[in-house]
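# Descriptive structure summary
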Amino acid sequence: MIGYLSSLPGADNPLLWILGVPLGAAGFLAVLRDWRVATWVNVAASAITFGASLLLLRLRPPPNKLLFIDDFNIYLVLLTTFVGMTTAVFSAAYIARETASERLSELHLRFYHSMYQAFLFTMLLALTANNTGVMWVAVESATLTTVLMVSLYRTREAIEAAWKYFILCSVGIGLALFGTTLVYLAAQPVMGDGAEAMAWTMMIKQAHAFQPDLMNLAFVFVLVGYGTKVGLAPLHSWLPDAHAEGPTPISAVLSGLLLNVALYALLRFKMLISANENALTPGPLLVMMGLSSLFLAAFMLYRRGDIKRLFAYSSIEHMGVITFAFGMGGALANFAGLMHMTMHSLTKSAIFFAVGIISQNAGTKRIADIRGLTSSHPVLGWGFVLAVLAIAGMPPMGVFMSEFLVVSSTFARQPLLAIPLVLGLLLAFGALASRLQMMAFGEPTKPVHAHARASTLSSILALTPLWVHMLLVLVAGLYLPRELVEWFQAVAGILG
Amino acid sequence: MAISQISYELAHLIGATVLMAGFQLLYQRRLFAVLNTFAFQAVALAAAAAWQAHIQDAPHLYVTAVIALVFKAMIVPFALHWLVEKLGIQRSVETAMSIGWTMMAGVGLVALSILLVLPVTANAAALTRESLALAMSVVLLGLLMMITRRNAVSQVVGFMALENGLILAAVSAKGMPLVVEISIAFSVLVAMTLFGIFFFRIRERFDTLDLHDLETWRGDRQ
């Protein structure tokens, strides 16, 4: 314990700010009584964290026993802090409108804001941890904070969703811990005892000499464990409920960020096992789970009546596509997977921003009761249309680009696998397009409540993050800066 | 590794006790009996951790032992005991499979983990090998218990039994760092979630849920 304290970053290290600000803010928000101030403290803390993560581009700290930054996690840190910031802005507007309808008490709000920052902290710790054990503790704490936030509304459905989430994901991370212990045992003969034996930067250099049989067993546990958290079929059943019953800003960060973090953990272990020639090849396992998630979600999309569940299944679909891409491996498919991770994260959180306002306006989450959004709320409605078309994979948006890359790299190497992939994507497209048409066009339904009382400021606040995300996704679809492409290529190289 | 025969035997004896408690959990029908058996398993786990601390000369594992003893063998069973009484569900018995089949499945899982773990750990120290097989059996039995029970309290106990297996594996892996931190993280997870979900739920059950029922009832009549 004492040994670890000395490896904490110093004041000139951006990592101190990236981890310290959310942690401090979580503590401060827990005692702050006024929720109006709290929403702004939340936004400010997230913005400072994002600013600090931008510094990482210039000033990359050297790895130590506890934390490290490399080409792979730096981009996820940036993405996480960025979406964390925009979601905090959206959350400020969402909460203002939510309190107008008096669903949340002051205590609940204090708890919510504190947990939001704690959640950001745990995700950032998981991403920057240079130690499998610390990473595991961080993912586990991220589960804890989100379970508590999913149950925030205290309705029967919310409690049940939180319960299911807690049970399934706790078992999942429990199995991941067993896998982590097995990896340590596989590494022990070469790495020796002590903290160094669980450090990524040390392990990856020696991974070729780990005991292959133990690594195989370990990877199965890690795949099932962290795979549950990614929401891969058939371990996905917590995901739609947890997304549907919690507050919408939480759905946005769950889908956009937490799934990525879990996948990141899985990929780190994949790198270790790939480095070992005598161990199993992880690719086919990931391809299989990816495809099964894609298909299951694509079919389930047709039968959804709840707008948040619809997009939760769409997240399962896209995590399936991303896992598939990383399972294929190779420079191009990895590049596509990384890009799709980014695009999905931006687009899906934008969709949940829109869905949050839509369901507040309509007073319901039932798709059948939502009609004619483009004529009743043009700015919101068209933003929503754009975001859903993007997630369904329409050109010229960024999601189309990354899906196109996944498909074309698969065609180049395993043409037979490309057939189910394309089929699954088309199925999902059909489902989303038909739902979108129902909700966006036609005779509008009358807004039920809260809407009239929401101020113009909060409406602008609620819509800005949506449009900012969509703009980024659009730009990424049309033009990727050269530096970004080179960076993605470098990471794709590391992933093997 | 220079370990005397006696410390080796004793480590296995304690590990096997944890496993035996895992089997007992499978066939307990009453909730109070489930809680008592779980407390017994936690005591055995504490002993296992303390013994490993002694033979590995790793004093930090004593902390893990104390956590297991105080939190899992005392606080959690007492809290759940109180909860079961408050909810008035002492008498409920819920199993999805018959006890005979559950026990058979349990035996199958133990055989599976031995067959799986022993061949792949051929190079590891004997102490670690067999402890790992025991630990994996405990994990799988906990999982089985979670599957066969429908009651929320016994599911939590199943989860914590699974977690006992994980901690047993972690303390048996010689020199594994962060074991203490991991066991603390687990305890916080269980405690916070129980607090967050259960206790609020009870409060609501007594304060508002009756009213809520009344409202739905009226709505249905119309």
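Residues numbered from 1 in each chain as written. Chains lettered and ligands numbered in written order. Predicted model: local features only at pLDDT ≥ 70, side-chain atom pairs only at ≥ 80, totals over all residues. Heavy atoms only, no water.

## Focus on the overall build of chain A
As a reminder of what qualifies: Under the scheme used here, helices are H or I runs from DSSP no shorter than 4 residues and strands are E runs no shorter than 2 residues, and both carry numbers assigned from the N terminus. Residue burial is assigned from relative accessible area. The probe radius is 1.4 Å, only protein chains are included, and a residue is buried under 20% of its type maximum, exposed over 50%, and partly exposed in between. The contact criterion used throughout is that any non-hydrogen atoms of two residues lie within 4.5 Å. Here, Shrake-Rupley sampling with a 1.4 Å probe gives the accessible areas, and only protein chains in the shown set may cover a residue. For the purpose of counting charges, residues Lys and Arg are taken to be positive, whereas Asp and Glu are taken to be negative. His and the chain ends are not included. Each charge is placed at NZ for Lys, CZ for Arg, CG for Asp and CD for Glu.
On a plain count of helices and strands, chain A comes out with 20 helices and 0 strands. Considered along the principal axes of its C-alpha atoms, chain A spans approximately 70 × 55 × 45 Å. Counting all 496 residues of chain A, 65% fall into the buried class. By sequence separation, contacts in chain A at least 24 residues apart represent 82% of the contacts at least 6 residues apart. Summed over all atoms, the accessible surface of chain A reaches about 16700 Å², with 68% contributed by carbon and sulfur. Taken as two groups, the 28 positive and 23 negative side-chain charges of chain A have centres that lie 6 Å from each other.

## Description of the confidence of the model for chain B
All names here are of chain B. Which entries qualify depends on this criterion: Confidence per residue, as judged by the predictor, is encoded in pLDDT with a range of 0 to 100.
Averaged over all residues, the pLDDT of chain B is 81; the fraction at 70 or higher stands at 82%. By mean pLDDT, the top-scoring element of chain B is helix α2 (residues 31-55) (93), and the lowest-scoring one is helix α8 (residues 209-221) (35). Across residues 206-222, confidence stays below pLDDT 50; counting only partners more than four residues off in sequence or on other chains, it has 4 contacts.

## Details of the packing of aromatic side chains
Aromatic rings considered in pairs are described by the distance between their centres and by the relative angle of their planes. Put simply, the rule is: In summary, the pairing rule links any two rings of Phe, Tyr or Trp, Trp by its six-membered ring, whose centres are within 6.5 Å, and it sorts them by plane angle into stacked for under 30 degrees, edge-to-face for over 60 and tilted for everything else. Only when the NZ atom of a Lys or the CZ atom of an Arg is both within 6 Å of the ring centre and within 35 degrees of the ring normal do we say a charge sits over the ring.
Inspection of the entire model under this criterion finds 19 aromatic pairs over all chains. A centroid spacing of 6.3 Å and a plane angle of 35 degrees characterise the contact between A:Phe295 and A:Phe299, whose relative ring orientation is tilted. Of this pair, A:Phe295 and A:Phe299 both sit in helix α12 (residues 283-301), 4 residues apart, which is roughly one turn of the helix. Relative accessible area serves as the criterion here: at 22%, A:Phe295 is assigned to the partly exposed category. Since its relative accessible area comes to 48%, A:Phe299 is described here as partly exposed. Members of the aromatic cluster, each reached through a chain of ring pairs, are A:Trp136, A:Trp163, A:Phe166, B:Phe159 and B:Phe186. Between A:Lys229 and the ring centre of A:Trp238, over which it is positioned, the NZ or CZ distance is 5.3 Å.

## Re the interface of chain A and chain B
Quick reminder of the rule: In short, buried area is how much 1.4 Å probe accessible area vanishes from two parts on joining, totalled over both.
Between chain A and chain B, the contact holds 38 residues from the first and 39 residues from the second. In total, chain A and chain B occlude about 3600 Å² of area from one another, counting both sides; carbon and sulfur atoms represent 79% of this. Contact with chain B buries surface across chain A, with A:Arg154, A:Trp163 and A:Phe178 losing the most and accounting together for 17% of the total. Mapped onto the side of chain A that touches chain B, the elements with two or more residues apiece are α6 (132-150), α7 (156-191) and α9 (212-230) of chain A.

## Some details on the confidence of the model for chain A
When pLDDT is low, close inspection of the predicted coordinates is not appropriate. Summing up the model confidence of chain A, the mean pLDDT is 89 and the portion of residues at 70 or higher is 96%. By mean pLDDT, helix α1 (residues 2-5) of chain A is the weakest element of chain A at 56, and helix α13 (residues 307-328) of chain A is the strongest at 95.

## Focus: the nonpolar core
Considering soluble globular proteins, one finds that nonpolar side chains tend to be buried as a cluster. Residue and element names in this part refer to chain A. Quick note on the threshold: Residues grouped as a nonpolar core are buried Ala, Val, Leu, Ile, Met, Phe, Trp, Tyr and Cys residues, joined through side-chain atoms within 4.5 Å.
Ranked by internal contacts, the top residues of the largest apolar core, which has 254 residues, are Phe72, Trp136, Tyr226, Phe311 and Phe384. Top element by residues in this core is α7. It accounts for 20 residues. Ignoring sequence-local partners within four residues, the contact set of Phe72 consists of Tyr264, Leu267, Arg268, Met271, Leu338, Val491, Ile494 and Leu495.

## As for the side chain of A:Thr132
Residue and element names in this part refer to chain A. Relative to the elements of secondary structure, Thr132 occurs in helix α6. You can call Thr132 buried: its relative accessible area is 1%. Setting aside residues no more than four positions away along its own chain, Thr132 makes contact with Thr180, Met198, Trp200, Met203 and Phe269.

## Quick word on α6(A)
Convention followed: One fewer than the residue count of a helix, multiplied by 1.5 Å, yields its expected span.
Taking 1.5 Å per residue, 19 residues should reach 27 Å; α6(A) reaches 27 Å between its end C-alpha atoms and fits that length. With 19 of 19 residues buried, α6(A) lies mostly within the body of the structure.

## Digging into unusual backbone geometry
A:Pro234 follows A:Ala233 through a cis peptide bond whose omega is 0 degrees. Along the chain, A:Pro234 turns up in the loop between α9 and α10 (238-245). Omega for the peptide link from A:Pro395 to A:Pro396 comes to 5 degrees, which places this bond in the cis form. When you line up the elements, A:Pro396 lands in the loop between α16 (378-392) and α17 (398-413). Even without being glycine, B:Asp57 reaches a positive phi, approximately 55 degrees.

## Here we look at the environment of A:Gly133
You can see A:Gly133 is positioned in helix α6. It is 9.9 Å that separates the C-alpha atoms of A:Gly133 and A:Leu66, two residues lying 67 residues apart in sequence. Residue contacts for A:Gly133: discarding those within four places in its chain leaves A:Met198 and B:Leu178.

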